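Fold and geometry: a report
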Amino acid sequence: MGFARTRERDLMRLLARVVVFGYQPSGTEDEAFLRQVGYAAQVARGRAEDPENHLGELVKYCRACVGQMDRPPKPIAYRDSFQARWGAEWNVDAGKLRTELPLHVMKARRRGEATLPRQ
C-alpha cells in the first residue's frame with residue numbers, strides 16, 4: 001500500500017473514532033496536524049452519520065487552535081476552498097469520505113462495543 005493510501009486510511013480511522021467516541025485533545029497537536037484534521041473533519045461533516053456532532057466539535061477545536069497561529073505561506077496549489085481556508089497540506093477526496101468513512105465508523109463501533117464490559 002502506498003504512502004498516500006496509508007495516510008488516507010489512517011485519517012479515516014481517526015475520523016471514525018471521533019464520530020464514535022468523540023475527540024479528547026492532548027494539547028500537544030502540531031499545527032500541520034490541526035490544519036489537516038480540521039479540514040478533513042469539515043469535509044466529512046454530513047457525509048457520515050454523526051448524531052452527537054463530534055465532527056463539528058473537532059472542527060471548532062481545530063479552528064480555535066489554528067486561528068491563534070499564523071497563516072502558513074501558500075506553497076502549494078489547493079484543490080478546493082476548504083483546503084485553502086485551512087491551509088492543509090493535502091486534499092481529501094469527498095467521494096472517498098462518503099463511501100469509506102461509514103464503513104470505518106461501523107468497524108470502530110464494533111471494536112468499541114467489544115471492549116465494553118458486559119453486564
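Higher on the page you've got the structure.
For the structure given in this document, a descriptive report is provided here. Per chain, residue numbering runs from 1 following the sequence as it is written. With pLDDT at 70 or above as the cut-off, local features in this predicted model cover only qualifying residues; side-chain atom pairs require 80 or more to be listed or tallied, and sums for whole chains, interfaces and linings still use all residues. To get the side-chain values, take all heavy atoms of the structure and skip hydrogens and water.

Here we look at helix H3 (residues 54-67)
Going by this rule: Elements are defined by DSSP. Helices are runs of H or I of four residues or more, strands are runs of E of two residues or more, and each kind is numbered from the N terminus. A helix is expected to span 1.5 Å multiplied by its residue count minus one. The classification of residues rests on relative accessible area computed with a 1.4 Å probe and restricted to protein chains. Under 20% of the type maximum is buried, over 50% is exposed, and intermediate values are partly exposed. Contacts between residues were defined by any pair of non-hydrogen atoms, one from each residue, lying within 4.5 Å.
Taking 1.5 Å per residue as the helical rise, H3 with its 14 residues ought to reach 20 Å, and the 20 Å between its terminal C-alpha atoms agrees with that figure. For H3, every residue scored as buried is listed here: His54, Leu55, Gly56, Leu58, Val59, Cys62, Cys65 and Val66. The inward-facing, buried residues of H3 abut helix H1 (3-21), helix H2 (31-44) and helix H4 (81-86).

Some details on the side chain of Arg35
Let me state the cut-off plainly: Whenever a nitrogen or oxygen atom comes within 3.5 Å of another N or O atom, the pair is scored as a polar contact, on the condition that within protein one atom can donate a hydrogen and the other can accept it, and that pairs from neighbouring residues in sequence are kept only if both atoms are in side chains.
Positionally, Arg35 belongs in helix H2. With relative accessibility at 3%, the residue Arg35 sits in the buried group. Within polar-contact distance, the side chain of Arg35 engages the side chain of Glu31 at 2.9 Å. In terms of polar contacts, Arg35 uses its side chain to reach the backbone carbonyl oxygen of Trp86, at 2.7 Å.

So, the packing of H2 against H3
For clarity, the cut-off: Lines fitted to C-alpha atoms define the axes here, with helix axes fitted over just the stretch in contact, and angles between the N-to-C directions of these axes take values from 0 to 180 degrees. Should the near helix be turned anticlockwise from the far one by less than a right angle, the crossing is termed left-handed; should it be turned clockwise, right-handed. Each residue gets one of three labels, nonpolar for Ala, Val, Leu, Ile, Met, Phe, Trp, Tyr, Cys and Pro, charged for Asp, Glu, Lys and Arg, and polar for the others, Gly among them.
H3 packs onto H2 with a crossing angle of 145° between their chain directions and a minimal axis gap of 9 Å. The crossing of H2 and H3 is left-handed. Only Leu55, Leu58, Val59, Tyr61, Cys62, Arg63, Cys65 and Val66 of H3 make contact with H2, whose side of the interface consists of Leu34, Arg35, Val37, Gly38, Ala41, Gln42 and Ala44. For the contact of H2 with H3, the residue count by class is 11 nonpolar, 2 polar and 2 charged.

Brief notes about the environment of Glu57
As for its position among the elements, Glu57 is in helix H3. On a C-alpha basis, the gap between Glu57 and Val18 in space is 9.5 Å, while along the polypeptide they are 39 residues apart.

Brief notes about the pattern of salt bridges
Note the threshold: Any Lys or Arg side-chain nitrogen located within 4 Å of an Asp or Glu carboxyl oxygen qualifies as a salt bridge.
Applying the stated criterion to the full structure yields 5 salt bridges. In this structure, Arg5 and Glu8 form a salt bridge, with 3.2 Å as the shortest nitrogen-oxygen distance. Pair noted here: Arg5 and Glu8 are both in helix H1, with a separation of 3 residues, about one helical turn. A salt bridge links Arg9 to Asp10; the nearest nitrogen and oxygen atoms lie 3.5 Å apart.

Observations concerning the state of the cysteines
Test applied: Only a pair of cysteine sulfur atoms within 2.5 Å counts as a disulfide in this structure description.
According to the stated counting rule, one finds 0 disulfides in the structure shown. Left unpaired, Cys62 is separated from the closest cysteine sulfur, that of Cys65, by 6.7 Å. Classification of Cys62 by relative accessible area gives buried; the value is 1%.

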